[in-house]
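Reading the structure
Spelled out, the chains give:
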Amino acid sequence: QVAGTVGLMLLPLLDADMERARSPAIALGKAIQLINILRDAAPDAALGRVYLPQDMLSSEGVLNGDILSLKSSKGYCRVVKRVAARAHDLLQEAQAGKSSLPGLGPLFVQIIVELYRGYLVKLEQMEYNNMNIDETG
């Protein structure tokens, strides 16, 4: 719910019709949160934090201790891939709803979608092993 709130907070700034733009804004907020979780998995693990869905990790036999030790596995990468797929779907939903925004709103959404989609492409190229992605390249 918190993630969707971020998207909703943008609507008054864009002078958007709250009813028409609500669902795409929530989707954008959720996508941003999921991608940030994926992007920050290694730094978060170094701080003793794991934000990936525990039920997915459990179903793949992935232990938090392994993540906190920055150990990747096929099961871990499958979880990352599933979360990335959900984030991609949410970006698609946000992009489809951008026309509900006035003025430069659609451009604003498109820029955010493309920036965050870029990380998902990079993640796919790394075979969903986000434990060793170099953020500079």
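Time to look at the confidence of the model for the protein. Scored by pLDDT, the protein has a mean of 89; 94% of the residues are at 70 or more. The lowest-confidence element of the protein is helix α1 (residues 2-13), averaging 74 in pLDDT; the highest-confidence one is helix α4 (residues 54-59), averaging 98.

Okay, the pattern of salt bridges next. Scanning the entire structure with this criterion turns up three salt bridges. Between Asp40 and Arg39 there is a salt bridge, with its nearest N and O atoms 2.9 Å apart. For Arg39, a relative accessible area of 30% puts it in the partly exposed group. With its nearest N and O atoms 2.9 Å apart, the salt bridge here joins Arg117 to Glu114. Here Arg117 and its partner Glu114 are both found in helix α7 (residues 105-125), three residues apart, which amounts to about one turn of the helix. Using a relative accessible area of 16% as the deciding quantity, one classes Arg117 as buried. Judged by its relative accessible area of 38%, Glu114 falls in the partly exposed class.

What counts and what doesn't
Residues numbered from 1 in each chain as written. Predicted model: local features only at pLDDT ≥ 70, side-chain atom pairs only at ≥ 80, totals over all residues. Heavy atoms only, no water. pLDDT = per-residue confidence, 0-100. Helix = DSSP H or I, 4+ residues; strand = E, 2+ residues; numbered from the N terminus. Salt bridge = Lys/Arg side-chain N within 4 Å of Asp/Glu carboxyl O. Buried < 20%, exposed > 50% of the residue type's maximum accessible area, 1.4 Å probe, protein only.

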